[in-house]
Amino acid sequence: MTNGTSADTREYERMLSGELYIADDPYLKEHSLKRRRLVQEINRSDYDEFDKREALFRELFGSFGEGSYIEPPFRADYGCNTYIGRNFYANDCIFLDVARIDIGDNVFCGPRVSLLTPYHPIDAQVRNEQLEGGKPISIGNDVWFGGNVTVCPGVTIGDDVVIGAGSVVVKDIPSHCIAVGNPCRPIRAITDADHEQWQRKAREYRAWKEGI
């Protein structure tokens, strides 16, 4: 409860808990505006202002791991509800983080990947009252997203996963698999043979590089 001097954060607390809330709230609007100014500054920065953008991302996000990089343009609702591990890469992405987004280490995103935590009521009357909610998204380590992937509210993606381009992920995806489609679903496991094939190709590349 507000006491007349402190901010009334009750709508924000409902938002983070996954309950219905109304975004047109003074505290939420002020909180979002501060973050959107950071996003605007990121998107207006010169291409070669790498250090400036890294500092802005570190101010924006809940965490931004070592070696992580995001290619602008970029969009986020709050940013502070997003936690990113090490060696993350994304290109022209959208993070709507009215609920928490957790991203592990070594996660790579092709162009226009969207992580969308908001949900809206099916009932039109309730929806027209501007009530909405959010469900968290969790992404493990060593995940690759092809271009134009959409991850929907409440989804968990395991470790060592490849999500094919254009997929719409509406259900959890287990570890160690390739998943594609709308709705996205696993089509096969990532096997030892896959690892051996690609490690062999990497060794061939390193040998070629050493010979230059």
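Nothing here was measured: the structure is a model prediction, and the numbers come from that model.

## What about the overall build of the protein chain?
Then step 1. Of the regular secondary structure elements, the protein chain holds five helices and 20 strands.
Then step 2. Overall size of the protein chain, expressed as C-alpha extent along the three principal axes, is 70 × 40 × 25 Å.
Then step 3. When the accessible surface of the protein chain is totalled, it reaches about 11,800 Å², and 51% of it is carbon and sulfur.
Then step 4. Seen as two clouds, the 25 positive and the 33 negative side-chain charges of the protein chain have centres 3 Å apart.

## Quick look at helix α2 (residues 26–44)
Then step 1. Given a rise of 1.5 Å per residue, 19 residues ought to cover 27 Å, and the 27 Å separating the end C-alpha atoms of α2 matches this to within 8%.
Then step 2. Among the residues of α2, Leu-28, His-31, Ser-32, Arg-35, Leu-38, Val-39 and Ile-42 are the ones counted as buried. The buried residues of α2 occupy an angular sector of 115 degrees when projected down its axis, which confines them to one face. Exposed and oriented more than 90 degrees from the buried face of α2 are Pro-26, Lys-34 and Arg-44.
Then step 3. On its buried side, α2 packs onto α1 (10–17), β1 (21–22), α3 (50–60) and β4 (75–76).

## Thoughts on unusual backbone geometry
A negative phi angle characterises most non-glycine residues, just as the trans form characterises most peptide bonds.
Then step 1. Cis peptide bonds are those with omega within 30 degrees of zero, and the linkage from Pro-72 to Pro-73 qualifies with 10 degrees.
Then step 2. Its place among the elements puts Pro-73 in the loop between β3 (69–71) and β4.
Then step 3. Following Asn-182, the chain continues to Pro-183 via a peptide bond in cis, the omega torsion being 0 degrees.
Then step 4. Here Pro-183 is to be found in the loop between β19 (177–181) and β20 (184–189).
Then step 5. Notably, Gln-130 is not glycine yet its phi reads approximately 70 degrees, a positive angle.
Then step 6. Exposure remark for Gln-130: the relative accessible area of 47% places this residue in the partly exposed category.

## Remarks on the layout of surface pockets
Then step 1. Roughly 290 Å³ of volume is contained in the largest pocket.
Then step 2. Lining the largest pocket, in full, are Asp-142, Trp-144, Asp-160, Val-162, Ile-178, Arg-188, Ile-190, Asp-194, His-195, Trp-198 and Gln-199.
Then step 3. When the residues that make up the lining of the largest pocket are grouped by side-chain class, the tally is five nonpolar, two polar and four charged.

## Concerning the packing of aromatic side chains
Then step 1. This structure, assessed with the given rule, holds 15 aromatic pairs.
Then step 2. Three or more aromatic residues joined by ring pairs form one cluster here, namely Phe-57, Phe-61, Phe-64, Phe-74, Phe-88 and Phe-95.
Then step 3. Over the ring of Trp-198 we find Lys-201; its NZ or CZ atom is 5.8 Å from the centre of that ring.

## Quick notes on the packing of α1 against α2
Then step 1. As a packed pair, α1 and α2 sit with axes 7 Å apart at the nearest point and diverge in direction by 70 degrees. Taken together, the axes of α1 and α2 are roughly perpendicular relative to one another. In contact with Glu-11, Tyr-12 and Met-15 of α1, α2 contributes Tyr-27, Leu-28 and His-31.
Then step 2. Residue composition of the contact of α1 with α2, by class: four nonpolar, one polar and one charged.

## Thoughts on the pattern of salt bridges
Then step 1. One pass over the full model with this rule turns up ten salt bridges.
Then step 2. The salt bridge involving Asp-77 is made with Arg-36; its shortest N-O contact spans 3.1 Å. Of the two residues, Asp-77 sits in the loop between β4 and β5 (82–84) while Arg-36 sits in helix α2, which places them 41 residues apart along the sequence.
Then step 3. Looking at Arg-36, the relative accessible area reads 38%, which means it is partly exposed.
Then step 4. For Arg-188, the salt bridge is made with Asp-194, and the minimal N-O distance between the two is 2.8 Å.
Then step 5. Overall, Arg-188 belongs to the partly exposed group, its relative accessible area being 40%.

## A closer look at the pairing of β20
Then step 1. Pairing between β19 and β20: five bridges, direction antiparallel. Paired with Ile-178 across the bridge in β20 is Arg-188.
Then step 2. The turn joining β19 and β20, which pair antiparallel and follow one another in sequence, is formed by two residues.

The rules we used
Residues numbered from 1 in each chain as written. Predicted model: local features only at pLDDT ≥ 70, side-chain atom pairs only at ≥ 80, totals over all residues. Heavy atoms only, no water. Helix = DSSP H or I, 4+ residues; strand = E, 2+ residues; numbered from the N terminus. Areas by Shrake-Rupley, 256 points an atom, 1.4 Å probe, with all protein chains shown as cover. Lys, Arg positive; Asp, Glu negative; His and termini not counted. Charge placed at Lys NZ, Arg CZ, Asp CG, Glu CD. Expected span 1.5 Å × (residues − 1). Buried < 20%, exposed > 50% of the residue type's maximum accessible area, 1.4 Å probe, protein only. Arc of directions from axis to C-beta. Contact = heavy atoms within 4.5 Å. 1 Å grid on protein atoms, 1.4 Å probe; cavity = no way out; pocket = protein on both sides within 12 Å on 5 of 7 lines; lining within 4 Å. Points joined across faces, edges and corners; volume = space filled by probe spheres on them. Nonpolar A, V, L, I, M, F, W, Y, C, P; charged D, E, K, R; others polar. Phe/Tyr/Trp six-rings, centres within 6.5 Å; stacked < 30°, edge-to-face > 60°. Lys NZ or Arg CZ within 6 Å of the ring centre and 35° of its normal. Axes fitted to C-alpha atoms, helices over the stretch in contact; angles between N-to-C directions. Parallel < 35°, antiparallel > 145°, perpendicular 65-115°, else oblique. Salt bridge = Lys/Arg side-chain N within 4 Å of Asp/Glu carboxyl O. Pairing = 2+ DSSP bridges.

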